[in-house]
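Residue strings, one per chain:
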Amino acid sequence: MSALPNTADELADGLSAAGYIPGGEVALVSYLAVRLGKPMLVEGPAGVGKTELAKALASYLGRELVRLQRYEGLDEAKALYEWNYRKQLLRIQAEADGASWNEVQDDIFGKEFLLPRPLLSAISASSPVVLLIDEIDKTDQEFEAMLLEILSDFQITIPELGRIEASSQPVVVLTSNNSRELTEALKRRCLYLWLDYPTPEHELAIVRLHTPELADIVARKLVEVIGMVRELDLKKPPSIAESIDWARALMLLGARNIDEVTFAQTMSVIVKHRTDLEIVAARVGVALATVPQAQ
Amino acid sequence: MNAPAPAAGIDARLLELGEELRAEGLAIGTSELLDAFAALAEVGWTEREAFAAALAATLAKSPEDRRVFDLVFERFFFRAVEAAALREGVREHDSERAGTGPRPHDDTQLDLGELRAQIAQALANFDEARMRDLARLAIAALARPDRSRSAVVGVDVQRIRRALGLRSDPQPELDGDDPRRGGLPRDALRRFEELLRAELERAQIERTATLGPARALSELDRALPSGPAADLAAVHRVVAQLRRRLATRGSETRGRHRHDRIDVRRTMRASLQTGGVPVVIKTRPRRPRRPELYVLCDVSTSVTSASVFFLSVLHALHNSFRQMRSFVFIERVSEVTDVFARERAFAAVSETIARDAGVADVSGYTDYGRVWSEFRALVEDDLDPRATVIVLGDARANGRDPRADQFAALAIRARRTLWLNPEPRLYWNYGDSVMAAYAPFCEVFECWTTRQLEDFVNSLAAGAGS
C-alpha cells in the first residue's frame with residue numbers, strides 16, 4: 001500500500017501517471033477526500049470521466065477498486081450482504097438430531113454464513129480499498145438513507161450480528177449524472193466535485209495521451225469540432241470517451257485532416273442518435289465545408 | 001502538508017462567510033463549516049484558487065450553489081480587503097483620477113482605438129490578468145471621474161462596455177483581423193464586466209471612504225449560463241414530480257376503505273398448502289388511480305415568449321402521462337395529442353404545431369369564449385369526474401367576453417381545474433386580462449420559471465387532503 005499523497009500536486013502527478021489528466025479542481029478535491037477520509041460526490045454530465053477518476057485514484061493509491069454499479073431496484077441484499085441460505089439449510093440438516101434449537105440458531109447466523117456484497121467487502125477488507133458507488137442518482141431514496149451509516153461512520157449494522165466496523169477506511173467515490181436531486185443528508189456528508197466537459201486544451205492533452213500517434217493538426221481540429229458539436233442542442237453530446245474513440249478511428253483511417261468528407265464518414269463515432277446525426281450533419285458539416293482550411 | 005495553523009482571525013472570517021452564504025440561500029450546517037476548516041488545514045493558503053476550491057468542495061453542493069458561492073466568495077473577500085484598507089487608511093496613488101494609469105505604450109495620450117483593440121484581444125484570449133489591467137485603463141479613459149460618473153455602478157459598466165464596442169454577436173462591418181468581428185466569447189465578456197464593476201466599486205469606496213451595504217445577488221447573477229436543452233431537462237424533472245403528486249393526491253382512502261380487503265378466493269387457495277387452515281391471508285391489491293389529464297395550452301401572440309416554456313411543459317407531461325390529451329388554442333381549439341405521440345423530439349413537435357395545428361385562423365387573438373365551448377364539445381362525453389384539467393394561458397381575452405359561465409361548467413365536471421398563468425401576478429386583471437373572472441372556478445398559479453413550476457408542484461402536495 002502506497003503512502004498518502006502530501007500535496008494536491010503530488011496527487012495530480014500520480015493521476016497523470018495513471019493515465020488520467022486531472023483538470024480544474026479534480027486533484028485538489030480528490031486530495032482532500034483522501035486526506036480527510038470523506039466520501040467524494042462527483043457530479044457531471046455523462047462521459048466526462050467520473051468513473052475513470054475513481055479507477056485512476058485506485059491505481060495511483062495502489063488499492064483495490066470495489067465497484068457497486070447502481071440501478072433501480074438494487075436492494076440491500078445485493079449491495080450490502082446476504083445470508084447464505086443454502087449453507088444455513090445444510091448446517092441445520094447436518095445436525096438435525098441432538099442439537100438444541102438455541103445452539104443451531106446462534107450458529108447459523110455467524111460470519112461463516114454471511115455473503116459479503118460490495119459495500120460490506122469494501123469496509124471489511126484487510127487493506128484499504130477505493131469504493132466506487134456508480135450512478136447513485138439511479139437509486140431510490142431508501143438506498144441513499146442506508147448509505148448514510150456507511151458514509152459517515154464506516155460501519156454496517158447487521159441485526160443478527162451487531163455492528164461491523166470498518167477494519168480499514170476506504171476512499172469512497174460516488175458518481176451521479178444529476179438525473180435526480182440527491183438528498184441533503186447525503187450531500188452533507190460528502191465533498192462535492194462538479195466535473196464538466198473539459199476545456200479545449202485539457203481535452204487536447206487527454207486525446208494526445210491516448211493517441212500519441214495522431215497528427216497534431218488533426219488532434220487540434222478534432223477537439224475544436226467536438227467543442228462545436230457540444231454547443232448544439234443534442235440528446236447526447238459526445239463524451240470524452242467518444243472523442244478518444246474518434247481520435248483512434250481517425251488514426252486508423254490515416255486521416256491527415258478533418259474535412260467535410262472525413263467528418264461525414266466518421267461522425268457516427270461521436271453522435272449516437274438519429275435525430276442528433278441530422279442536426280450535426282446540417283450544422284457542423286456545413287461549417288467545415290465553408291471554413292477554408294487554415295493550414 | 002505543513003499548512004499554517006489557522007490564524008486567530010480567520011475562523012471568525014469563515015463563519016461570516018458562511019453566514020453570508022446562508023443569507024443567499026445555501027444550506028450550510030455546522031458540519032459543513034467543520035469540514036471547511038478541516039479542508040483548509042490540508043491546503044496551502046497562498047494560492048487563491050486552491051483556497052476557494054477547498055471551501056467550495058465543502059460548502060457548495062450543486063452547480064447552482066457553486067455559482068452562488070463563487071459570487072459571494074468574490075464579494076466577501078473584496079469587501080473584506082476594502083474594509084481593511086479603509087481602516088488602515090491605505091489609498092491607491094491617484095493615477096486613475098488623472099486619467100493616466102499603467103500605460104500599454106510610452107505615449108502619454110491614451111489612444112482609445114488602441115485600447116479597444118487591446119481589450120478585444122485580451123477578451124478573445126480570455127487573459128484574466130490582462131483583462132484586469134485593461135479594466136482599470138478603460139475606467140481611467142472612459143469613466144469621467146469628476147463630472148458624470150453616476151452613482152449606480154451598473155450603469156457605468158454598461159456605458160464603458162458600449163463605448164468599447166464589446167459585443168458577443170458578430171460585427172461584420174469591422175476589419176478582418178479585429179477579434180470583435182466574429183463576436184467575443186460570452187463568458188469573457190461577463191468576466192470583464194465583473195472586473196469593471198469591482199474596479200468601479202473600489203474607486204467609489206475610496207472616493208466616499210465608506211463601505212456601503214453588500215449588494216444581494218440578483219436572479220440574473222444566480223442563473224447558470226445554460227442553453228434551451230438544460231431548461232427542457234429542468235422542466236422534465238419537475239413534471240416527473242408532478243406526475244407522482246397527481247397520482248397519489250386525492251386517492252388517500254378514508255373510512256373502511258382504509259383497511260385492506262380480503263381476497264377470499266386467493267386466501268382459500270393459499271390455505272390448501274396448510275391443509276385448509278387459512279394461515280396466510282391474501283388481500284386485494286390496491287391499485288392507485290391513474291390520473292386523467294387534459295391540458296389546454298395557449299399559443300397566441302400575447303404569450304409568444306412563454307409558449308416555448310409551455311410547449312416544453314406539455315412535451316414533458318406527455319413523456320410522463322399515458323392517459324393525457326393535449327390541446328392548443330388561439331381562437332379555436334385543436335387537439336395535438338397525436339402530434340406528441342408521433343414525435344419525440346421537442347424541436348419537431350413545436351415545428352409541427354406551428355405549421356399545421358390549425359388554430360391561428362384570422363386574427364391570431366385568443367377567443368376564450370369560443371375556446372371553452374369548442375373544448376366542451378370535444379371532450380364533454382369523455383370528461384371524467386376524476387380528470388384534471390390544466391390550462392396554460394395568460395387569460396387575456398382581447399376585449400372579448402370571457403364566458404366564465406362556460407368555464408365554470410367545465411370546471412364543475414372535472415375533479416380539479418388548475419390554471420398556470422405565465423404573467424407575473426402584478427399584471428393580472430390589468431388591461432384585457434380577465435384572470436379574476438376565472439379564478440373562482442380553478443386554482444391559479446403564477447408560472448413563468450421552472451422554479452415556479454416546482455412551487456406549483458409542491459403546493460399541489462401541500463393542498464392534499466382538502
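Residues numbered from 1 in each chain as written. Chains lettered and ligands numbered in written order. Predicted model: local features only at pLDDT ≥ 70, side-chain atom pairs only at ≥ 80, totals over all residues.

## Some thoughts on the overall build of chain A
And step 1. Of the regular secondary structure elements, chain A holds 14 helices and nine strands.
And step 2. Here the contacts in chain A between residues at least 6 apart in sequence split such that 78% fall between residues at least 24 apart. (Helix = DSSP H or I, 4+ residues; strand = E, 2+ residues; numbered from the N terminus. Contact = placed C-beta atoms within 7 Å.)

## Observations concerning the packing of helix α2 (residues 30-40) of chain B against helix α3 (residues 48-59) of chain B
Residues and elements named next belong to chain B.
And step 1. Where α2 contacts α3, the axes come no closer than 8 Å and their chain directions differ by 150 degrees. Here α3 runs roughly antiparallel to α2, going by the angle between their axes. Crossing handedness for the pair α2 and α3: right-handed. Listed contacts from α3 to E32, D35, A36, A39 and L40 of α2 are A54, L55, A57, T58 and L59.
And step 2. Across the contact of α2 with α3, the residue classes break down as seven nonpolar, one polar and two charged. (Axes fitted to C-alpha atoms, helices over the stretch in contact; angles between N-to-C directions. Parallel < 35°, antiparallel > 145°, perpendicular 65-115°, else oblique. Left-handed = near helix turned anticlockwise from the far one by under 90°. Nonpolar A, V, L, I, M, F, W, Y, C, P; charged D, E, K, R; others polar.)

## Some details on helix α6 (residues 112-125) of chain B
All names here are of chain B.
And step 1. For α6, with 14 residues, the first-to-last C-alpha span of 20 Å sits near the 20 Å given by 1.5 Å per residue.
And step 2. For α6, every residue scored as buried is listed here: I119, A120, A122 and L123. What you see down the axis of α6 is that its buried residues fit within an arc of 165 degrees, all on one side.
And step 3. Where α6 ends, the next residue or the one after it, F126, has phi of about 50 degrees, a positive value. (Expected span 1.5 Å × (residues − 1). Buried ≥ 20, exposed ≤ 12 C-beta atoms within 10 Å, placed from the backbone. Arc of directions from axis to C-beta.)

## Things to note about the nonpolar core
And step 1. Counting residues in hydrophobic clusters, the biggest one holds 97 residues, and the most contacted among them are V173(A), L193(A) and L222(A).
And step 2. By residue number, the principal contributor to this core is helix α2 (residues 26-36) of chain A, which donates eight residues.
And step 3. Ignoring anything within four residues of it in the chain, the contact list for L193(A) reads E25(A), V26(A), V29(A), M40(A), L41(A), V42(A) and A57(B). (Core = buried A, V, L, I, M, F, W, Y, C linked by C-beta atoms within 7 Å.)

## What to know about the confidence of the model for chain B
Residues and elements named next belong to chain B.
And step 1. Mean pLDDT for chain B: 74, with 70% of residues reaching 70 or above.
And step 2. Counting contacts from residues 1-7, a segment whose pLDDT is below 50, to residues more than four positions away or on other chains yields 10 contacts.
And step 3. Low pLDDT (under 50) marks residues 224-229, which in the prediction has eight contacts with non-local residues, meaning those over four places away or in another chain.
And step 4. Listed scores for the predicted complex are pTM 0.62 and ipTM 0.79. (pLDDT = per-residue confidence, 0-100.)

## Notes on the interface of chain B and chain A
And step 1. Taken together, the contacts link 23 residues of chain B with 19 residues of chain A.
And step 2. Contributions of two or more residues to the side of chain B that touches chain A are made by α2, α3, α4 (63-88) and α11 (228-248) of chain B.
And step 3. Of the residues in the side of chain B that touches chain A, the class split is 14 nonpolar, four polar and five charged.

## Focus on unusual backbone geometry
All names here are of chain B.
And step 1. One non-glycine residue with positive phi stands out, namely R403, at about 50 degrees.
And step 2. Along the chain, the position of R403 falls in the loop between β4 (388-392) and α17 (404-413).
And step 3. By C-beta crowding, R403 is classed as buried, having 20 other C-beta atoms within 10 Å.
And step 4. Positive phi, close to 65 degrees, is recorded for N429, a residue that is not glycine.
And step 5. Position of N429 among the secondary structure elements: in the loop between β5 (416-421) and α18 (435-438).
And step 6. By C-beta crowding, N429 is classed as partly exposed, having 14 other C-beta atoms within 10 Å.

## Brief notes about the packing of helix α1 (residues 8-17) of chain A against α2(A)
Residue and element names in this part refer to chain A.
And step 1. One way to put it is that α1 packs onto α2 with a least axis distance of 8 Å and a crossing angle of 110 degrees. By the angle between their directions, the pair α1 and α2 is classed as roughly perpendicular. For the pair formed by α1 and α2, the contact residues are A8, L11, A12 and L15 on the first element and A27, L28, S30 and Y31 on the second.
And step 2. A class-by-class count of the residues in the contact of α1 with α2 yields seven nonpolar, one polar and no charged.

## Considering the sheet that holds strand β3 (residues 333-335) of chain B
All names here are of chain B.
And step 1. Read across the sheet, six strands follow the order β3-β2-β1-β4-β5-β6 without closing on themselves; strand pairing throughout is mixed. Strand pairing shows two members of the sheet lacking a second neighbour, β3 and β6 (443-446), which therefore form its edges. Geometrically, the sheet is characterised by an average inter-axis angle of 20 degrees between neighbouring strands, direction not taken into account.
And step 2. With four bridges joining them, β5 and β6 adopt parallel strand pairing. Of the residues in β6, the one forming a bridge with L420 is F445. (Pairing = 2+ DSSP bridges.)

## With respect to the sheet that holds strand β1 (residues 40-43) of chain A
All names here are of chain A.
And step 1. Here we have five strands laid out as an open sheet, ordered β2-β5-β8-β1-β9, and parallel in their pairing. The sheet is open, and its two borders are formed by β2 (64-69) and β9 (191-194), each paired with just one other strand. Ignoring which end each strand starts from, the neighbouring axes of this sheet average 20 degrees apart.
And step 2. Across four bridges, β1 lies against β9 in parallel orientation. Looking across to β9, one finds that V42 is bridged to L193.

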